[in-house]
2 protein chains.
Amino acid sequence: MENQTIKADTAFTQQIIKQVLVSWTSRNTAVTSFFNKYADDAYLNEIAPGRNRAAFLLGHLIATNDALLPLLGLREKLFPELENFSGNPDKSFANLPAMTELKQKWETVNSTLSDHFSRMSAEEWMDRHTAVSEADFELEPQRNKLNVLIGRTNHQSYHLGQLNLLKVKEVVV
Amino acid sequence: MENQTIKADTAFTQQIIKQVLVSWTSRNTAVTSFFNKYADDAYLNEIAPGRNRAAFLLGHLIATNDALLPLLGLREKLFPELENFSGNPDKSFANLPAMTELKQKWETVNSTLSDHFSRMSAEEWMDRHTAVSEADFELEPQRNKLNVLIGRTNHQSYHLGQLNLLKVKEVVV
């Protein structure tokens, strides 16, 4: 009986981590689909009057995902040139990178993350992320890598909700 | 060594479930804070021109949380009178319930859920939700209660992103 419980717990851990990863991937895919829906110019529109442009939000999501690489101890950032998309408002950017560049970087950062994620064990996911010290982690075991991913998945959902408000004028041919 | 791994897995399961619950609760709290920020009338504004009113979205989030009660096998819905806030657009409502009523129901549904959640074991969280048959669950073990909560947490984040776009006119005294 005890053995069965133990077996169940091991299976549970694997199952939950898998689910968190599926949830993360599905939000990435939803962002990708959104940015493949219209012609590139459409994403220069604001999601609502006076709010962020959709293209800016893509830059912001790339920068957020890219920052996961060092935070999860995987490698240095791929696109440090985009890190000012975290923490700065859209209005501070006179020009945004071209959509083709943003879309390419979005794909690259996500495939790099997926590649690393596919090789991470439960122990690694439950280990501390690189912004918390060993001593602090001892007291706050929730500051692990999996929790970072849960938070970032919600962050993607947050911006997806906003992106889906974008109004694109019908093109009259 | 094997025993240590087993112990770690049991602890991992508990830790992850706790984290998913904290993430869920924090999104509920963020919604609550948002609806306590302005005078009630402000929430009758649309979050963006031609889009849902904030008060409608609160009704939608209450209906979504209320539907968790039967879906997770906890009890029948508390507010079936609000279930048409799921699946129907804001534009189909001539009048919305008063904000005081919505805010009260939001608190009640969330405290009811928290109360049930605090007594659920890992086994219960990893068990099938009520909309999946035993046979299907055998093939699709991800259709468990915890996964429903992960999905609903992302759903709340999605609408929070939209709510935070609400523009409230400054009251000039």
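Refer to the structure above for everything that follows.
Presented here is a report on the structure given in the accompanying data block. (Residues numbered from 1 in each chain as written. Chains lettered and ligands numbered in written order. Predicted model: local features only at pLDDT ≥ 70, side-chain atom pairs only at ≥ 80, totals over all residues. Heavy atoms only, no water.)

A word on empty space enclosed by the protein
Here is step 1 of the chain: Evaluation of the coordinates by the stated rule reveals one cavity of 30 Å³ or more.
Here is step 2 of the chain: What lines the largest cavity is Val20(A), Ser23(A), Ile150(A), Thr153(A), Asn154(A), Val20(B), Ser23(B), Ile150(B), Thr153(B) and Asn154(B).
Here is step 3 of the chain: Broken down by secondary-structure element, the contributors of at least two residues to the lining of the largest cavity are helix H1 (2-35) and helix H6 (145-163) of chain A together with helix H1 (2-34) and helix H6 (145-163) of chain B.
Here is step 4 of the chain: Grouping the constituent residues of the lining of the largest cavity by class yields four nonpolar, six polar and no charged. (1 Å grid on protein atoms, 1.4 Å probe; cavity = no way out; pocket = protein on both sides within 12 Å on 5 of 7 lines; lining within 4 Å. Points joined across faces, edges and corners; volume = space filled by probe spheres on them. Helix = DSSP H or I, 4+ residues; strand = E, 2+ residues; numbered from the N terminus. Nonpolar A, V, L, I, M, F, W, Y, C, P; charged D, E, K, R; others polar.)

Thoughts on the interface of chain B and chain A
Here is step 1 of the chain: Each side of the interface is counted separately: chain B has 38 residues, and chain A has 38 residues.
Here is step 2 of the chain: Each partner contributes to the roughly 3,200 Å² buried at the junction of chain B and chain A, and carbon and sulfur atoms together form 60% of this total.
Here is step 3 of the chain: Counting the contacts that link chain B with chain A gives zero salt bridges.
Here is step 4 of the chain: Our count for the chain B to chain A interface comes out at 18 residue pairs in polar contact (both at pLDDT 80 or more).
Here is step 5 of the chain: Elements supplying a minimum of two residues to the side of chain B that touches chain A: H1, helix H4 (122-125) and H6 of chain B.
Here is step 6 of the chain: Here the residues of the side of chain B that touches chain A are counted per class, giving 17 nonpolar, 16 polar and five charged. (Contact = heavy atoms within 4.5 Å. Buried area = accessible area lost by both parts, 1.4 Å probe. Salt bridge = Lys/Arg side-chain N within 4 Å of Asp/Glu carboxyl O. Polar contact = N/O pair within 3.5 Å; in protein donor to acceptor, adjacent residues only side chain to side chain.)

Considering the layout of surface pockets
Here is step 1 of the chain: Estimates place the volume of the largest pocket at around 200 Å³.
Here is step 2 of the chain: If you trace the largest pocket, you find 14 residues lining it, with Gly151(A), Asn154(A), Ser23(B), Ser26(B) and Arg27(B) closest to the centre.
Here is step 3 of the chain: Put simply, the parts of the chain that give the lining of the largest pocket at least two residues each are H6 of chain A together with H1 and H6 of chain B.
Here is step 4 of the chain: Here the lining of the largest pocket takes six residues from H6(A), the largest share from any one element.
Here is step 5 of the chain: For the lining of the largest pocket, a count of residues per class yields four nonpolar, nine polar and one charged.

So, the packing of aromatic side chains
Residue and element names in this part refer to chain A.
Here is step 1 of the chain: Taken as a whole, this structure holds 20 aromatic pairs over all chains when the rule is applied.
Here is step 2 of the chain: Considering the side-chain rings of phenylalanine 34 and tyrosine 43, the 5.6 Å spacing of their centres and the 70° angle between planes classify their relative orientation as edge-to-face. Across the pair, exposure class does not vary: phenylalanine 34 and tyrosine 43 are buried alike.
Here is step 3 of the chain: Clustering of aromatic rings is evident, with ring pairs tying together Phe34, Phe35, Tyr38 and Tyr43. (Phe/Tyr/Trp six-rings, centres within 6.5 Å; stacked < 30°, edge-to-face > 60°. Buried < 20%, exposed > 50% of the residue type's maximum accessible area, 1.4 Å probe, protein only.)

Digging into the relation of the copies chain B and chain A
Here is step 1 of the chain: When chain B is fitted onto chain A, the two copies agree to an RMSD of 0.0 Å after a turn of 180° and an axial shift of 0.0 Å. One copy is carried onto the other by what is essentially a two-fold rotation axis. Nearest to the rotation axis, the C-alpha of Tyr158(B) is located 2.1 Å from it, this being the minimum over chain B.
Here is step 2 of the chain: Residue by residue, 100% of the interface of chain B is reproduced at the interface of chain A, so both copies engage with the same surface. (Least-squares fit on C-alpha atoms with pLDDT ≥ 70 in both.)

Description of the environment of Trp24(A)
Residue and element names in this part refer to chain A.
Here is step 1 of the chain: When you line up the elements, tryptophan 24 lands in helix H1.
Here is step 2 of the chain: Linking tryptophan 24 and aspartate 115, residues 91 residues apart in sequence, is a C-alpha distance of 14 Å.
Here is step 3 of the chain: In this structure tryptophan 24 touches Asn65, Leu68, Leu113, Phe117, Leu149, Arg152, Thr153 and Gln156, once residues within four positions along its chain are discounted.

Don't take any of this as a statement about function, it's just geometry.
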